[in-house]
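# Examination of the molecular architecture
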Amino acid sequence: MTEKKKNLAKEAALQGAKAAETRIAEEAKKKFTRIDAFEGIYQFLSLEIPCPVLFNGVLHYSAKHALLAAQFPDATDLLQAPGNDDLSVALKAVEGETEAKDWSQTRLKAMERIQRDKFQRSEEYRKKLKETGDRDLVWENDADTFWGATKGRGQNHLGRILMDVRSSIQEDTDFHSWLFLCCDLEGDSLRWPPVELIESKDDGSGETQVHRLSGKEYYKLGKLPSNAVPALHPSISREHALILHTKTEVARPTGGVAIMDLGSKFGTHLDGRRLANGFVMEPLKSGVKLKLGASTRSYEVRVNLRSQIEELERQQRDLMREVQSIDQDAADPVQAAKRLAKEEATCFVGGLEYDTEKADLLGLFQDCGHVEEVRFPGQQEVGGKAVKGIAFVVFDSAMAARRACGLSGEMFKGRKLKVAPAGERSKGKGDGKGKSKEGENRDDDARGGSRQFLRDMLDGKWERGVALPSLSPERRRDAPRDAPRDAPRREAPPARRREVPRSASASPVRSPLRDRSRSRSEPERKRKEKRKGKEKRKGKKRKKSSSSDSSDSDSGRA
């Protein structure tokens, strides 16, 4: 027993020694591979090294100056004073200043903006940071455990941010990250006014070319063919300048349109004035002349703010109409309930052929229920066609409309239909599988995701549409008086998924009585056929059972 205990103790000691040796080796390797002294060849990682850093539209002497300006906003002008480029003088200048109220919540974002702007302005620093590979970056210092670490302990947020910047440089996404974080790009497409650059030669030869820039947050100008405006003069860089839509205060007088030079050698000129600094935004006014480097061509800038104003005015009109409809519903709740019931009984039909008529849709939905009316957008003549490939069909009940939606996806005159409740908001492009691009555009034009559009159509305020009332005898005023109006009407069976043949859909309109009798006799005929089929199957089963019984009795006798 004693020998066993000794052996177990030896094994435990050996394992403990191996674990300690492994831990010490890992710590030594970590210390050897990580960068914890931001000095010497790694001085470029320090906050105190002199380098231009832009923060809140002001160029600072170093990253530390920019951090002080973010922490003490009222001292920004003091930090720009002559002589305050010395860090010790700058620290004395901010003594007694009030710290930003939300500094504890915004300091991480401010530091990331500062570091990304610092490395975006210096290609040399970006190259050095990329060469650090995957080594840990830890700022070892004597007091600050938030941005760095003291005696191996601390949160090291500066090192974490530097490693994030390094990974984006290695993945070649640092420029886009800098644009969205430091330039505050405008994300709302409604606030992107179209920009036109009219290119012309300076010799007055009269040759012009128009570059229309729209639909993006920013546009590059330079030699690369992938740029929005390619220019091939030898003095022009591959990526020379950038026009962008931003939310910053600098570009507010010009509708959010700004321009910046991307650190080119020969610079960018506005009305003969060279932009002073690279990667600094300046407002781009309409009417100025833009020139890249020493090129013999210039670009006259035109910013179309009218389209942006018109779009905002249209949105305001739509909102006012919705408010007015809400007020009307509150004033007359009975009429509002009727309108809501009519909206629920209305279906949107998309993907139609342009020659589709009302008779075709009556034949398509004959098994779903009674059709009150059919409306074709964009048609000015009664009895017209689906010139836009869409239609609105109003049924007498919401149940009939739901049955009609079951036909969505069926083939009709060689096209795949889309049938949906008209009150639904548009879900955007790309929802339906196999849907053509043409059908997407027509459906979006018709529905547009606006409930007010449907209300105006049902109330008769739709200027471009025309109502085609149904000719069904159940709703005609001149129907025979001896016909019982309050007789219970039999519900039509649920619609089957089928393809309507071209010949049937293109047939002329039948008389109302024939349509009515056909719609009622066909379901009865189908039920009779089903009953006959069931009876035949039951008869076959009985014959089989009787034959099996007779065979069993014969075998028993034998």
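All figures in this text were calculated on a predicted structure; none of them were measured in a lab.

For the protein, the count of helices and strands is 16 helices and 20 strands. Per-residue burial over the protein gives 37% buried out of 558 residues. Taking all contacts inside the protein whose residues are at least 6 apart in sequence as the whole, residues at least 24 apart take part in 62%. Roughly 33900 Å² of accessible area belongs to the protein as shown, and the carbon and sulfur atoms make up 50% of that amount.

On to the confidence of the model for the protein, then. Taken as a whole, the protein shows an average pLDDT of 78; of its residues, 75% reach a score of 70 or greater. Within the protein, helix H15 (residues 502-505) has the poorest average pLDDT of any element, 37, and helix H7 (residues 157-170) the best, 95. Ignoring residues within four places in sequence, the model shows residues 462-521, a span with pLDDT below 50, making 101 contacts including any to other chains. Low confidence marks residues 550-558, where pLDDT is under 50. Its contacts with residues over four positions away, or in another chain, come to zero contacts.

Across its twelve residues, helix H10 (residues 333-344) extends 16 Å between first and last C-alpha, which sits within 8% of the 16 Å expected from 1.5 Å per residue. Within H10 the residues assigned to the buried category are Ala336, Arg339 and Glu343. Looking straight down H10, one finds its buried side chains confined to an arc of 65°; they lie on one side. Turned more than 90 degrees off the buried face of H10, the exposed positions are Val334 and Lys338.

In this section: the pattern of salt bridges. Taken as a whole, this structure holds 21 salt bridges when the rule is applied. For Asp174, the salt bridge goes to Arg126, with nearest N and O atoms at 4.0 Å. Within this pair, whereas Asp174 is found in helix H8 (residues 174-182), its partner Arg126 is found in helix H6 (residues 123-131), the two being separated by 48 residues in sequence. The buried category is assigned to Asp174, whose relative accessible area is 14%. Across the salt bridge formed by Arg212 and Glu196, the nearest N and O atoms sit 3.5 Å from each other. In this pair, Arg212 sits in strand E4 (residues 208-213) while Glu196 sits in strand E3 (residues 195-201), placing the two residues 16 residues apart along the sequence. With relative accessibility at 62%, the residue Arg212 sits in the exposed group. Given the relative accessible area of 26%, Glu196 is considered partly exposed. In this structure, a network of salt bridges that share partners links the residues Arg34, Asp36 and Glu140.

Strand residues, when the strand is regular, have side chains that alternate between the two faces of the sheet. A large share of strand E7 (residues 241-245) lies buried, amounting to five of its five residues. Side-chain alternation along E7 places Ala241, Ile243 and His245 on one buried face and Leu242 and Leu244 on a second face that is also buried. Sheet analysis places E7 next to strand E8 (residues 257-261), joined by five bridges and oriented antiparallel. By the bridge assignment for E8, Ala241 is matched with Asp261.

Glancing now at the sheet that holds strand E6 (residues 229-230). Ordered by their spatial adjacency, five strands build an open sheet running E6-E5-E7-E8-E11, and the pairing between neighbours is mixed. For this open sheet the edge positions go to E6 and strand E11 (282-283), each flanked by a neighbour on one side alone. Sitting on the sheet, H8 is in contact with strand E5 (218-222), E7 and E8, with an inclination near 130° to E5.

Pairing in this open sheet of six strands is antiparallel, and the strands run E4-E3-E13-E12-E9-E10 from one edge to the other. Looking at the sheet topology across the chains shown, the edges are occupied by E4 and strand E10 (273-274).

This part is about the nonpolar core. Counting residues in hydrophobic clusters, the biggest one holds 30 residues, and the most contacted among them are Leu45, Phe119 and Leu129. Going through the elements one at a time, strand E1 (50-55), helix H2 (63-71), helix H5 (103-120), H6 and H7 are the ones with two or more residues in this core.

With numbering matched to this structure, UniProt assigns "coiled-coil region" (unreviewed entry) to residues 302-329. Between the C-alpha atoms that bound residues 302-329 there is a distance of 46 Å. The span itself is 89% helix and 7% strand.

A word on the packing of aromatic side chains. According to the stated counting rule, one finds seven aromatic pairs in the structure shown. On the basis of an interplanar angle of 85° and a centroid distance of 5.6 Å, the ring pair of Trp178 and Phe279 is categorised as edge-to-face. Taken together, the positions of Trp178 in helix H8 and Phe279 in the loop between E10 and E11 put the pair 101 residues apart, joining distant regions of the chain. Note on accessibility: Trp178 and Phe279 belong to one class, buried. Among the aromatic residues, ring-to-ring pairing joins Phe44, Phe119 and Tyr125 into one connected group.

Cut-offs and rules
- Residues numbered from 1 in each chain as written.
- Predicted model: local features only at pLDDT ≥ 70, side-chain atom pairs only at ≥ 80, totals over all residues.
- Heavy atoms only, no water.
- Helix = DSSP H or I, 4+ residues; strand = E, 2+ residues; numbered from the N terminus.
- Buried < 20%, exposed > 50% of the residue type's maximum accessible area, 1.4 Å probe, protein only.
- Contact = heavy atoms within 4.5 Å.
- Areas by Shrake-Rupley, 256 points an atom, 1.4 Å probe, with all protein chains shown as cover.
- pLDDT = per-residue confidence, 0-100.
- Expected span 1.5 Å × (residues − 1).
- Arc of directions from axis to C-beta.
- Salt bridge = Lys/Arg side-chain N within 4 Å of Asp/Glu carboxyl O.
- Pairing = 2+ DSSP bridges.
- Axes fitted to C-alpha atoms, helices over the stretch in contact; angles between N-to-C directions.
- Core = buried A, V, L, I, M, F, W, Y, C linked by side-chain atoms within 4.5 Å.
- UniProt positions renumbered as here; feature names shortened; annotations may be inferred.
- Phe/Tyr/Trp six-rings, centres within 6.5 Å; stacked < 30°, edge-to-face > 60°.

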